[in-house]
Amino acid sequence: MISESLLIGKIRRFLPAAQGIRKGIGDDAAVLPLDKKHYLLLTVDTIVDGVDFRLTETSPELVGRKALAINLSDIAAMGGEPCHALVALGIPAGLSYAWIRRFYSGMRKLGKEFNTVVVGGDLSRSKQFFASVTVAGKVKKDKLVLRDGAKTGDSILVTGRLGGSLAGRHLTFTPRVREAAYLVKHFKINAMMDLSDGLMRDLDVLMRESKKGARVFMDSIPVSQTALRGSGQGKTNPLKSALCDGEDFELLFTASRADAKNILAGRDGLLGTPVRCIGKATAGQGIMFQKNEKDREKFKLPWKGYEHF
Ligand SMILES: [Mg+2]
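A short tour of the structure in this document, coming up. What you are looking at is a predicted structure, and each value in this text was computed from that prediction instead of being measured.

Reading the values: the criteria
- Residues numbered from 1 in each chain as written.
- Predicted model: local features only at pLDDT ≥ 70, side-chain atom pairs only at ≥ 80, totals over all residues.
- Heavy atoms only, no water.
- Helix = DSSP H or I, 4+ residues; strand = E, 2+ residues; numbered from the N terminus.
- Rg over C-alpha atoms; globule rule 2.2 N^0.38 Å.
- Contact = heavy atoms within 4.5 Å.
- Areas by Shrake-Rupley, 256 points an atom, 1.4 Å probe, with all protein chains shown as cover.
- Lys, Arg positive; Asp, Glu negative; His and termini not counted.
- Charge placed at Lys NZ, Arg CZ, Asp CG, Glu CD.
- Phe/Tyr/Trp six-rings, centres within 6.5 Å; stacked < 30°, edge-to-face > 60°.
- Buried < 20%, exposed > 50% of the residue type's maximum accessible area, 1.4 Å probe, protein only.
- Donors = N, O, S within 2.8 Å, 3.2 Å for Na, K, Ca; no water.
- Salt bridge = Lys/Arg side-chain N within 4 Å of Asp/Glu carboxyl O.

## Some thoughts on the overall build of the protein chain
Each helix and strand counted, the protein chain has 9 helices and 11 strands in total. Its C-alpha atoms give the protein chain a radius of gyration of 19 Å, near enough to 19 Å, the size a compact globule of 309 residues would have. In terms of its C-alpha atoms, the protein chain occupies a principal-axis envelope of roughly 60 × 55 × 45 Å. Restricting the contact set of the protein chain to residue pairs at least 6 apart, pairs at least 24 apart contribute 83%. Surface summary for the protein chain: the accessible area is close to 16,000 Å², and the carbon and sulfur share equals 52%. Distance between charge centroids for the protein chain: 2 Å, based on 48 positive and 33 negative side chains.

Here you go:
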């Protein structure tokens, strides 16, 4: 099986280059012209029964919530605000109207919280249930944040705590729309993405897009309680969990040292959400690990994170 990033690269080269747009394939959302002051953001994400959740084990409200939330997270990663959604469902025979109604109820509730209204969609028959949601948002032109803007010497920051999301948080996470809006309003954020495939893998993507390398301070990785508890049961290494588990949906971003210092100075984190500096961007390429900022001895990790295929 070909890896997702390789496949995206191939499709990207095959399709004609879009004209008149700010950013096409290869970021959290496409960036299109809207008006004098704003860009239009477009993103689509699909969840499939048996791959992203289990229909038989998950409440329909949470499935609907997740289908929207993962898209809101992508709009946030661009520094934008979501506004409208299109919802395409593949519905297996035998799925009740009551289930579908509860699905939309979960979606509607989250949409209300983040000013996002469903304005259309499509229904089709399918062997397995799936939901494909497209979200449109907008961003002020001077607040747009892409993945490719990290500068040498930038601090690398992350919101929230990482790891163990598959124990439940992948269904209940809060998309960091407010935190992203606050960040781009008050600071110069040079590069940003949301964490969907695990910190190690996503950081690699962010730094490659920016043509930079990174030093990661292992002592600073914010490990979630779930990841710590998992290790208490002897199942996993919590640090490995924080670095490699997917679906954290936190923000990974870079800013100058000075801006980072001010971001970290907030007593309340970022609007109540924890924020940490986990490393810095370097010239060149590759991700190096070291114990903390001062101890520059590099070391290897005893596991592989992002080589899924
Ligand atoms: Mg994303």
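## Concerning the packing of aromatic side chains
Using the criterion set out here, one finds 7 aromatic pairs in the structure. Look at Phe-103 and Phe-129: their rings are 5.6 Å apart centre to centre, the planes differ by 70°, and that puts the pair in the edge-to-face class. Of this pair, Phe-103 sits in helix α3 (residues 97-113) while Phe-129 sits in the loop between β4 (117-125) and β5 (130-140); the two residues are 26 residues apart in sequence, bridging distant segments of the chain. Taken individually, Phe-103 and Phe-129 each receive the classification buried, so the pair is uniform in this respect.

## Details of the coordination of the magnesium ion
Those donors, Asp-28 (OD), Asp-74 (OD) and Asp-194 (OD), are the protein atoms that reach the magnesium ion, and they lie 2.0 to 2.1 Å from it. Every donor residue of the magnesium ion comes from the same chain, spaced as D-x45-D-x119-D. Highlighted residues: Asp-28 in the loop between α1 (4-14) and β1 (30-33) and Asp-74 in helix α2 (residues 60-76), separated in sequence by 46 residues. Residue class for Asp-28 comes out buried when judged on its relative accessible area of 5%.

## Notes on the pattern of salt bridges
Scanning the model with the defined rule gives 11 salt bridges in all. Of the charged contacts in the structure, one is a salt bridge between Glu-61 and Arg-102, with a shortest N-O distance of 2.9 Å. In this pair, Glu-61 sits in helix α2 while Arg-102 sits in helix α3, placing the two residues 41 residues apart along the sequence. For Glu-61, a relative accessible area of 26% puts it in the partly exposed group. Since its relative accessible area comes to 41%, Arg-102 is described here as partly exposed.

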